[in-house]
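Listed below, chain by chain, are the residues.
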Amino acid sequence: MKPLTEQEIRAAFVNCTKGEAKRLSVPRDLAERPWCDLDFFGWRDPQARDRAYLAAELDGRPVALALRCPSAASWQMRRSMCSMCLTTHTGGVSLMVAAKAGKAGQQGNSVGAYICSDLACPLYVRGRKDAGVGARLHESLTLEEKIQRTVVNLARFIAKVTA
């Protein structure tokens, strides 16, 4: 993924208003992120723990989503699998819900997916971040195939939000 600036990220949001995109919290350390290892850039809002955001590059242009995450509950302490990268975590996967883009979102329609709570899927796939023992199932796929699968899963999620 090519590095994104704060302005590019804010302009890329498809499921919130321009005012909401202007007010949301974007990390200040964008220049220090491992962009070459990212298929998408995701972060949790430090001021609102029930909010998360992700930005990806699809068809050569940035697309960003605002997500809602429920607060931690006892059921989240069971082992769950991320639907993007297929990493399993104990308590490290959250249901993230995105309002649909456009009129459907204004009417309250949304799409959800179980995603790594820290939104570090690209780093788990590449082995740059460890989710613990048994987090990555043994697969015969190459690293490039695993990365491609994650990108396809993300693109499908974004397509559901923008449909």
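Above this text sits the structure in question.
Procedures and definitions
- Residues numbered from 1 in each chain as written.
- Predicted model: local features only at pLDDT ≥ 70, side-chain atom pairs only at ≥ 80, totals over all residues.
- Heavy atoms only, no water.
- Helix = DSSP H or I, 4+ residues; strand = E, 2+ residues; numbered from the N terminus.
- Rg over C-alpha atoms; globule rule 2.2 N^0.38 Å.
- Buried < 20%, exposed > 50% of the residue type's maximum accessible area, 1.4 Å probe, protein only.
- Contact = heavy atoms within 4.5 Å.
- Lys, Arg positive; Asp, Glu negative; His and termini not counted.
- Charge placed at Lys NZ, Arg CZ, Asp CG, Glu CD.
- Phe/Tyr/Trp six-rings, centres within 6.5 Å; stacked < 30°, edge-to-face > 60°.
- Expected span 1.5 Å × (residues − 1).
- Disulfide = S-S within 2.5 Å.
- Salt bridge = Lys/Arg side-chain N within 4 Å of Asp/Glu carboxyl O.
- Core = buried A, V, L, I, M, F, W, Y, C linked by side-chain atoms within 4.5 Å.

### Examining the overall build of the protein chain
Okay, so step 1: Within the protein chain, the secondary structure is distributed over 5 helices and 7 strands.
Okay, so step 2: Taking 15 Å as the expected radius of gyration for a compact globule of 163 residues, we find that the protein chain reaches 15 Å, a close match to that expectation.
Okay, so step 3: Projected onto its principal axes, the C-alpha positions of the protein chain cover 45 × 35 × 30 Å.
Okay, so step 4: Put simply, the protein chain has 163 residues, and 45% of those count as buried.
Okay, so step 5: A separation threshold of at least 6 residues defines the contact pool for the protein chain, and within that pool the share at least 24 residues apart is 55%.
Okay, so step 6: A gap of 7 Å separates the mean positions of the 24 positive and 16 negative side-chain charges of the protein chain.

### As for the packing of aromatic side chains
Okay, so step 1: For the structure shown, the criterion picks out 4 aromatic pairs.
Okay, so step 2: Note on Trp35 and Phe41: the rings are 5.1 Å apart at their centroids and 50° apart in plane angle, and the pair reads as tilted. Taken individually, Trp35 and Phe41 each receive the classification buried, so the pair is uniform in this respect.
Okay, so step 3: Relative to Trp43, the ring of Phe41 has its centre 5.0 Å away and its plane inclined at 25°; by these criteria the two rings are stacked.
Okay, so step 4: Residue Phe41 is classed as buried on the basis of its relative accessible area, which comes to 2%.

### Side note on the environment of Cys85
Okay, so step 1: Counting through the fold element by element, Cys85 comes out in the loop between strand 4 (79-81) and strand 5 (88-90).
Okay, so step 2: Among the residues examined, Cys85 registers a relative accessible area of 0% and is labelled buried.
Okay, so step 3: Measuring from C-alpha to C-alpha, the distance between Cys85 and Leu67 comes to 17 Å, with 18 residues separating the pair along the chain.
Okay, so step 4: Ignoring any residue separated from it by four or fewer positions in sequence, one finds Cys85 in contact with Cys116, Cys121, Val125, Arg136, Arg149 and Thr150.

### Here we look at the side chain of Ser117
Okay, so step 1: If you trace the backbone, Ser117 turns up in the loop between strand 7 (110-116) and helix 4 (121-125).
Okay, so step 2: According to the relative accessible area criterion, Ser117 is buried, its value standing at 15%.

### Quick look at helix 5 (residues 143-162)
Okay, so step 1: Here helix 5 is 20 residues long and its end C-alpha atoms lie 29 Å apart, about the 28 Å a rise of 1.5 Å per residue gives.
Okay, so step 2: Its buried side turned inward, helix 5 meets strand 1 (40-44), strand 2 (51-58), strand 3 (61-68), strand 6 (93-99), strand 7 and helix 4.

### Remarks on the environment of Val125
Okay, so step 1: Structurally, Val125 can be placed in helix 4.
Okay, so step 2: The spatial distance from the C-alpha of Val125 to the C-alpha of Lys146 is 6.8 Å, given a sequence separation of 21 residues.

### Some points on the state of the cysteines
Okay, so step 1: Taken as a whole and assessed by the stated rule, the structure comprises 0 disulfides.
Okay, so step 2: Note on Cys36: no disulfide assigned, nearest cysteine sulfur contributed by Cys121 at a separation of 17 Å.

### Concerning the pattern of salt bridges
Okay, so step 1: Under the counting rule described, the total for this entry stands at 9 salt bridges.
Okay, so step 2: With its nearest N and O atoms 2.9 Å apart, the salt bridge here joins Asp50 to Arg68. Here Arg68 lies in strand 3 and Asp50 lies in the loop between strand 1 and strand 2, a separation of 18 residues in the sequence.
Okay, so step 3: For Asp50, a relative accessible area of 32% gives the class partly exposed.
Okay, so step 4: On the basis of relative accessible area, Arg68 is assigned to the partly exposed category, the value being 39%.

### Observations concerning the nonpolar core
Okay, so step 1: Phe13, Leu67, Ile115 and Phe157 are the most contacted members of the largest nonpolar core, which has 47 residues in total.
Okay, so step 2: Counting residues per element, this core draws most heavily on strand 2, which supplies 6 residues.
Okay, so step 3: Setting aside residues no more than four positions away along its own chain, Phe13 makes contact with Ala21, Leu24, Trp43, Tyr53, Ala64, Leu65 and Ala66.

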